[in-house]
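Okay, here's what each chain looks like letter by letter:
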There are 2 protein chains.
Amino acid sequence: MHEALKEAKKAEAKDEVPIGAVVVCNDKIIARSHNLTETLTDVTAHAEMQAITSAENTIGGKFLEECTLYVTLEPCVMCAGACFWSRFKKIVYGAKDLKRGASLIKRNIYHPKSEVIGGILEKECGEIVTAFFKKKRDLKL
Amino acid sequence: MHEALKEAKKAEAKDEVPIGAVVVCNDKIIARSHNLTETLTDVTAHAEMQAITSAENTIGGKFLEECTLYVTLEPCVMCAGACFWSRFKKIVYGAKDLKRGASLIKRNIYHPKSEVIGGILEKECGEIVTAFFKKKRDLKL
C-alpha cells in the first residue's frame, strides 16, 4: 500500500485526484499506476483501470487470478466491475469511498472468488484525497 | 443501433464477443468501437469503454452530457460505472444481458441525469451474441 500511496502522490503532483494502485503477482509488482482522468481527458483512466490493463499486458493474459490489487481508495463501481472481469485473487484498498465506493451497492460486484480487504493505511490513503479536495475548495473561496 | 450492430459484426469477424457501440452528439457519430478484449488481452476493452475514451478525446472534455451511447448489449457494471462518470444524456441498448447486465444490481449505477432505454433492435442485437456463443459451444463438441 505504501507503493500505491507513492503513485497517489504522483497523481497529486499532476493536480489529479490522488489515487494510486499497484498489482502484485508472486511478491513482485507487475503494474503501477495513478489516476490520470484529467491528463488524458478520460473518465475511464482511473488508477485501477490502468493497473489492470497494464498487468494483463505484462502477464499476457486476461485473468489476474494469482494477483493482488492494492489501491489507495475503495474502487468505484466501474473499477469493481473491471476487477470482476479480471478475477483478482485479492483486492486490498486503503480508505473507504463513502460517496462512490462499490460497497455501497447491495449486491457483490467483485468477482466471487476475489477476497476484498479494506482499511489498509486507511488514514494516510484517506487524508491525501481529503487534503486534495480541501485545497481545491480553499482555492475557490 | 444499426451502426452499433455494424461494429458488433466487426468484433465477430475477429472472433471477439460481438458487441458494438457508437456515441452520437448533435446527430453525428463521434465515436464507434467494438469489443476487443481478446485482441488487446484486456478485460477493460469493452465496446462502451473504448467508445467513451474515444468520444471524450474527440470533444476534448470528460463529460458527454450532450451525447447518446448506443450499444448492442446492455452495459455490464463496469461500463455502467463508466457511463456514470461520463454523464451521458442518454444510453440506448439493444439486447438485455441477463447474466451481467447492470440492471441486475438493485441501485441505479448510471448517472442520475442519464436516460436509459433498452430493447432497441433487441432481437438482432441479442441473436448476434447468442449465435456467437452457440458456435463456440458447437466447436467444442
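Located above this text is the structure these notes cover.
None of these values were measured; they are calculated from a predicted model. (Residues numbered from 1 in each chain as written. Chains lettered and ligands numbered in written order. Predicted model: local features only at pLDDT ≥ 70, side-chain atom pairs only at ≥ 80, totals over all residues. Heavy atoms only, no water.)

Colleague: Which residues make up the pairing of strand β1 (residues 20-25) of chain B, and what values go with them?
Modeller: Residue and element names in this part refer to chain B. In terms of burial, β1 is a largely internal element, six of the six residues being buried. Inspection of the sheet shows β1 paired to strand β2 (residues 28-34) by six bridges, in the antiparallel sense. Looking at the pairing, Gly20 lines up with His34 of β2. Taken together, the five bridges between β1 and strand β3 (residues 67-73) define a ladder with antiparallel strand orientation. (Buried < 20%, exposed > 50% of the residue type's maximum accessible area, 1.4 Å probe, protein only. Helix = DSSP H or I, 4+ residues; strand = E, 2+ residues; numbered from the N terminus. Pairing = 2+ DSSP bridges.)

Colleague: Can you break down the interface of chain B and chain A residue by residue, with the values?
Modeller: Contact with chain B, which involves 29 residues of that partner, is made by 29 residues of chain A. Between chain B and chain A, roughly 2,600 Å² of surface is buried when both sides are summed, and carbon and sulfur atoms account for 69% of that area. Of all residues in chain B, Val43, Lys62 and Trp85 of chain B bury the most surface against chain A, accounting for 25% of the area lost on that side. The interface formed by chain B and chain A contains two salt bridges. Taken together, chain B and chain A are joined by eight residue pairs in polar contact (both at pLDDT 80 or more). Put simply, the parts of the chain that give the side of chain B that touches chain A at least two residues each are α2 (47-59) and α3 (77-86) of chain B. Element by element, the count of residues in the side of chain B that touches chain A is highest for α3 of chain B, at seven residues. Here the residues of the side of chain B that touches chain A sort into 13 nonpolar, ten polar and six charged. (Contact = heavy atoms within 4.5 Å. Buried area = accessible area lost by both parts, 1.4 Å probe. Salt bridge = Lys/Arg side-chain N within 4 Å of Asp/Glu carboxyl O. Polar contact = N/O pair within 3.5 Å; in protein donor to acceptor, adjacent residues only side chain to side chain. Nonpolar A, V, L, I, M, F, W, Y, C, P; charged D, E, K, R; others polar.)

Colleague: Tell me about the environment of Glu38 of chain A, and name the residues and values.
Modeller: Topologically, Glu38 of chain A is positioned in the loop between β2 (28-34) and α2 (47-59). Assessed through its relative accessible area of 45%, Glu38 of chain A is described here as partly exposed. For Glu38 of chain A and Ala80 of chain A, which are 42 residues apart along the polypeptide, the C-alpha to C-alpha distance reads 21 Å. Discounting chain neighbours no more than four positions away, the residues touching Glu38 of chain A are Glu16 of chain A together with Lys62 of chain B.

Colleague: For the packing of aromatic side chains, give the residues involved together with the corresponding values.
Modeller: For the structure shown, the criterion picks out four aromatic pairs over all chains. Ring plane angle 85 degrees and centroid distance 5.3 Å describe the contact between Phe84 of chain A and Trp85 of chain A, whose orientation is recorded as edge-to-face. Since its relative accessible area comes to 24%, Trp85 of chain A is described here as partly exposed. Stacked on the ring of Phe63 of chain B, the Lys or Arg Arg87 of chain B has its end atom at 3.9 Å from the ring centre. (Phe/Tyr/Trp six-rings, centres within 6.5 Å; stacked < 30°, edge-to-face > 60°. Lys NZ or Arg CZ within 6 Å of the ring centre and 35° of its normal.)

Colleague: Can you lay out the pattern of salt bridges for me, pointing to particular residues and giving the numbers?
Modeller: Tallied over the entire structure, the rule returns 18 salt bridges over all chains. A salt bridge links Asp15 of chain B to Lys136 of chain B, with the shortest nitrogen-to-oxygen separation between them at 2.7 Å. Remark: Lys136 of chain B occurs in helix α4 (residues 122-140) and Asp15 of chain B occurs in the loop between α1 (2-13) and β1; sequence separation between them is 121 residues. Overlapping salt bridges, with partners in common, bring together Glu3, Lys6, Glu7, Lys10 and Arg32 of chain A in one network.

Colleague: Give a detailed account of the pairing of strand β4 (residues 90-95) of chain A, specifying residues and quantitative values.
Modeller: Residue and element names in this part refer to chain A. When you tally the buried positions in β4, you get five out of six residues, the bulk of the element. Across five bridges, the pairing between strand β3 (residues 67-73) and β4 is parallel. Within β4, the position partnered with Thr68 by the bridge is Lys90. As a crossover connection, the stretch from β3 through helix α3 (residues 77-86) into β4 is right-handed. (Right-handed = clockwise from strand over helix to strand, strands pointing away.)

Colleague: I'd like a rundown of the environment of Cys125 of chain B, residues and numbers included.
Modeller: Residue and element names in this part refer to chain B. With respect to the helices and strands, the residue Cys125 is situated in helix α4. Sequence separation of Cys125 and Thr58 is 67 residues, and the distance between their C-alpha atoms is 26 Å. Apart from the residues lying within four places of it in its own chain, the contact partners of Cys125 are Met1, Leu5, Thr72, Gly94, Ala95 and Ile120.

Colleague: Which residues make up the relation of the copies chain B and chain A, and what values do they have?
Modeller: Its rotation angle being 180 degrees, the transformation that places chain B on chain A also includes 0.0 Å of axial translation and leaves an RMSD of 0.0 Å. Classification of the inter-copy transformation places it as that of a two-fold axis. Rotation axis and chain B: the residue whose C-alpha lies nearest the axis is Met78 of chain B, separated from it by 1.9 Å. Here 100% of the contact residues of chain B are again contact residues in chain A; the copies associate through an equivalent surface. (Least-squares fit on C-alpha atoms with pLDDT ≥ 70 in both.)

Colleague: Give a description of the sheet that holds β4 of chain A that names residues and reports values.
Modeller: Residue and element names in this part refer to chain A. Taken together, five strands build an open sheet; the order of strands is β2-β1-β3-β4-β5 and the sheet is mixed. In the strand order of this sheet, the two ends are held by β2 and β5 (115-117), each with one partner. When the angles between neighbouring strand axes are averaged without regard to direction, this sheet yields 15 degrees. (Axes fitted to C-alpha atoms, helices over the stretch in contact; angles between N-to-C directions.)

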